[in-house]
Structure formats: C-alpha cells, structure tokens
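Coordinates in review
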Amino acid sequence: MTANKKNYFFLILFFYSLYIINIFVVHKSDISADLLKCFLLTYDGGFIRRGLFGHSISSISYYFNLNFVNVIFTSYLLIYSAFFYYFYKLTKNYNKNVLFYFFIFSPLNFLYPLVQLSIPLPVLILTREIFVITFFLFFYYLSLISINRNLIYFVGLGGLILLSFFYELTLFCYPFFLLIYYLFLKENNYKIKHFEIFIVILILILFIFIHLYFYGKNDLDAVFQNVYLKHGVVISLNDQNCTFSWMNQNILEQMPFFREGFKISSIFRYIVYSHPIIILFVFFWNNSEDLRIKLLFLFAISSTAILFIATDWARIVHLIYLFSLFSFLRVFLSKQNIFENMFTGSFLTILNKNILYIFVLLYCSLWTLKQTYWQNHLSYAGVKIIKNTILNLSEIFK
C-alpha cells in the first residue's frame, strides 16, 4: 500500500470511528428512548409513509423480546459499517490530489450528519437517507463484480421499491440508478431493452401514485395504541420529539414556498451552499466525451429538483451530492487519474500546491450544511464536531 493510500485509509477510518462514537453517544444519552420512539410507527393503523422501517423494528423487538432502542442502534451500526466499507472500496484506487480530497471530503459529505441542532446530540446521524445512499453504493459495487444482467436489473428495481417504504423520496433518485445500469450495459456490450425502461417508468409512476393516494389515510390512534401495548412507549401528535408533518399534513403545507415569511433569497442561499454539486457537474461535463452519458447525468441531477419541496433541504443536498459524486466516479472508472487530469487542465496549476492543500483542509472543516435553509452554515463544523464528541463522551464516562 502506497503512502497516499495509507493516509487515505486512515482518514476514512477516522471518520468511521467518529460516526461509531457518535452513534454510541446518542445511544447512551438519557433521551435516546424518547428521541427514537417515532421509529416505532407501524402499519397497524393502515398505510403510513416510512412505515416499513418502524414496522420491522417494532416486530423484531416485540417477537424476540429485545429493547427497541438496541435494535435501532444495531441497525445503524451495521448500515454505517456497510457505507464506509463500500465508500472506501469504490474510491481507494483513484489517484489522489487536492481535487480528490476536495470532492471526497466535501462539507456536503461526512460532516453534515454529525452536526448538532436544538439538542447537544448529533441526531441527524439517525436519518433514513443513509439506507438509500448505502444501497446505491452496493448497487454500484454489484455492477462491477457481476455480469448477470437480470441480477443487476432486479436488484436495483427491487431495492428502489423496498426503500421507498423507508423513505418515499427514494423514488426520485431512480435516474442515478439508471445511469449506473446504462454504464453496466455499455461496458458488457448488452443491448438496451426498451421493455426494461418501460417497466421502470411504469413502476415508478405506480408507486408515486400509491404513496400519494394513501397519504394521510391511517388511524394514528391505533398506531400509538399498538406502540404502547407492545413497547410501553407513549406517543402523541403533540410530541416535540416527533415530526408528523409527513404523515398528516397536506403536501402543499410542507412546501416552504407556501409558508408565511418564506423569502425567495432562501432558495439562492441554498444554491450557493450547493456549489460542490455545481462544480462537480462542470468538471464532469468538461471531461466526459459521451453525450448520452452527459445527458443522463444532467437528467439525474435535474430530476431530483422535486426533492427541494421539503423544508429540510440540507439533507436533500447531502443526498444528491453523494449520488452525484459516485455517479461521477462510476463514469470515470477506467480513468483512475481523472482528478490529476482535471487539475492539469485547470487554472489551479498556477497556484502553489501546499497552499491549495491548506485551503482544502480549511474549506472542508470550517463549514457544513445545517438542517434547514434559515440556519447559519459557517459554523466551524469540523472543530465543533470533534469538540462536542469529546464533551459528550466525557459526560457518559463521568
């Protein structure tokens, strides 16, 4: 292993350790059970969006007589272990320079789930997006090690359908999966079957309809009653630790554009803070020679614009960035020196490399996205995350 690869391995190991420690911190906190009870929402009162995860957790906990908090944290330990495994596996062979580190350790990547909001705990580490992102990395990896067309197609399609019941906006990430599948077909000299595309589009429309049609058609009292009977946990609609807007509000009421006091400048602010995605796309467009792939990549990014209907835009930007980054890496899989080529063809060559590395270090550690568009973003994120992690650990071991 070269020095660069060793350094990169230890950097990934550092962030993996930081995540595991913070999961442990949240788990051992006094409010973990109260914080996580909304993960127990099930289908007991009828269809409910994002109910599959809660139904699974509730069933496993109940039938095996396990503490639901332990089951939830075990799930997240496993999914983050898989995420970092595939992340390292899919990035380790690229030649590393200042641009590589700029994109891989972007503030839109590792730092965002570790920020703290209204309580002194990194609760964003327990979001459902990580399941979607990890499955995308697994699908990417599977397309590299298998030449079985049916396996790749049905694993991708089945995974998207299943995960839409974990996190319904998964359905709007399907163009990124199509891009990976197209590259798989191209590299293995398979012909495009229009029937496959038709099935994907048909299923996408069908499941969007299902999620919209059954929206709010559930008996929440029955859900809460079953949670209490199975786990002894009390939940109410007025619970401050639960967000029920995605279950019982009109969709228009969730869109920030229709809320009182919304300012159009908020949109431009988030476009500014999404600049790593824009920079990545510019580099992609300038370095890719296949127009069809260019258009697919553009379509994938643009189709996710619908995700910005939510008030928690930061997590959407985080999701899109990781999908875009790994789509970029997949397109240039055969060009392990792509970041060196990008650097050589840019104005950066006139600048001192040591200064560039210092700039990237500061850039990637001084800020990250917050949960909503109205919060402060320049928050010395890297320093604060490490500081808060140490403080939280010290509180636990007092």
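Refer to the structure printed above.
All residue numbers refer to position in the chain's written sequence, counted from 1. Under the rules for a predicted model, residues below a pLDDT of 70 receive no local features and side-chain atom pairs below 80 are neither given nor counted, while totals for whole chains, interfaces and linings still include all residues. Excluded from the side-chain calculation are hydrogens and water; included are all heavy atoms of the structure.

**Some words on the packing of aromatic side chains**
Operational definition: Aromatic pairs are defined between Phe, Tyr and Trp rings, using the six-membered ring for Trp, whenever the two ring centres lie within 6.5 Å; interplanar angles under 30 degrees are classed as stacked, those over 60 as edge-to-face, and all others as tilted. Each helix corresponds to a stretch of at least 4 residues labelled H or I by DSSP, and each strand to a stretch of at least 2 residues labelled E; elements are numbered beginning at the N terminus. Under the scheme applied here, a residue whose accessible area is under 20% of the maximum for its type counts as buried, over 50% as exposed, and between as partly exposed, the area being computed with a 1.4 Å probe on protein chains only. When the NZ atom of lysine or the CZ atom of arginine is within 6 Å of a ring's centre and also within 35 degrees of its normal, the charge is said to sit over that ring.
Within this structure, the stated rule accounts for 61 aromatic pairs. Aromatic pair Phe-15 and Phe-110: ring centres 4.8 Å apart, planes at 25 degrees, arrangement stacked. Taken together, the residues Phe-15 in helix α1 (residues 3-28) and Phe-110 in the loop between α5 (98-104) and α6 (129-145) connect sequence positions 95 residues apart. The burial state of Phe-15 is the same as that of Phe-110; both residues are buried. Ring plane angle 85 degrees and centroid distance 5.4 Å describe the contact between Phe-100 and Tyr-101, whose orientation is recorded as edge-to-face. Judged by relative accessible area, which is 0%, Phe-100 ranks as buried. Here the guanidinium or amino end of Lys-96 rests over the ring plane of Phe-100, the centre of that ring lying 5.2 Å away. Lying over the aromatic face of Tyr-62, Lys-230 brings its terminal NZ or CZ to 5.6 Å of the ring centre.

**Quick look at α1**
For the α-helix, the turn length of 3.6 residues means that residues three or four positions removed from each other point alike. Worth spelling out the cut-off: In a helix, the anticipated span is given by 1.5 Å times the number of residues less one.
Between its first and last C-alpha, α1 extends 37 Å over 26 residues, near the 38 Å set by a 1.5 Å rise per residue. If you check which residues of α1 are buried, you get Tyr-8, Ile-12, Phe-15, Leu-18, Tyr-19, Asn-22, Ile-23, Val-25 and Val-26.

**Brief notes about the environment of Leu-36**
The following threshold applies: The criterion used for residue contact is that any of the two residues' heavy atoms lie within 4.5 Å.
The topology assignment puts Leu-36 in helix α2 (residues 32-36). Taking C-alpha positions, Leu-36 is 9.7 Å from Val-123, a pair spaced 87 residues apart along the chain. Apart from residues no more than four positions distant in its own chain, Leu-36 is found in contact with Phe-68, Val-69, Ile-72, Phe-73 and Leu-126.

**Digging into unusual backbone geometry**
Phi is positive for Asn-65, close to 55 degrees, though the residue is something other than glycine. Even without being glycine, Asn-189 reaches a positive phi, approximately 60 degrees. Turning to its location among the elements, Asn-189 is positioned in the loop between α8 (174-187) and α9 (194-213).

**Some details on the nonpolar core**
Inclusion rule: The nonpolar core is taken to be a set of buried Ala, Val, Leu, Ile, Met, Phe, Trp, Tyr and Cys residues, with the residues joined through side-chain atoms within 4.5 Å.
Within the largest apolar cluster, 131 residues are counted, with the highest numbers of intra-cluster contacts made by Tyr-76, Tyr-80, Phe-87, Phe-103, Phe-326 and Phe-339. Setting aside residues up to four positions removed in sequence, Tyr-76 forms contacts with Ile-23, Phe-39, Phe-53, Ile-125, Leu-126, Thr-127, Arg-128, Ile-130 and Phe-131.

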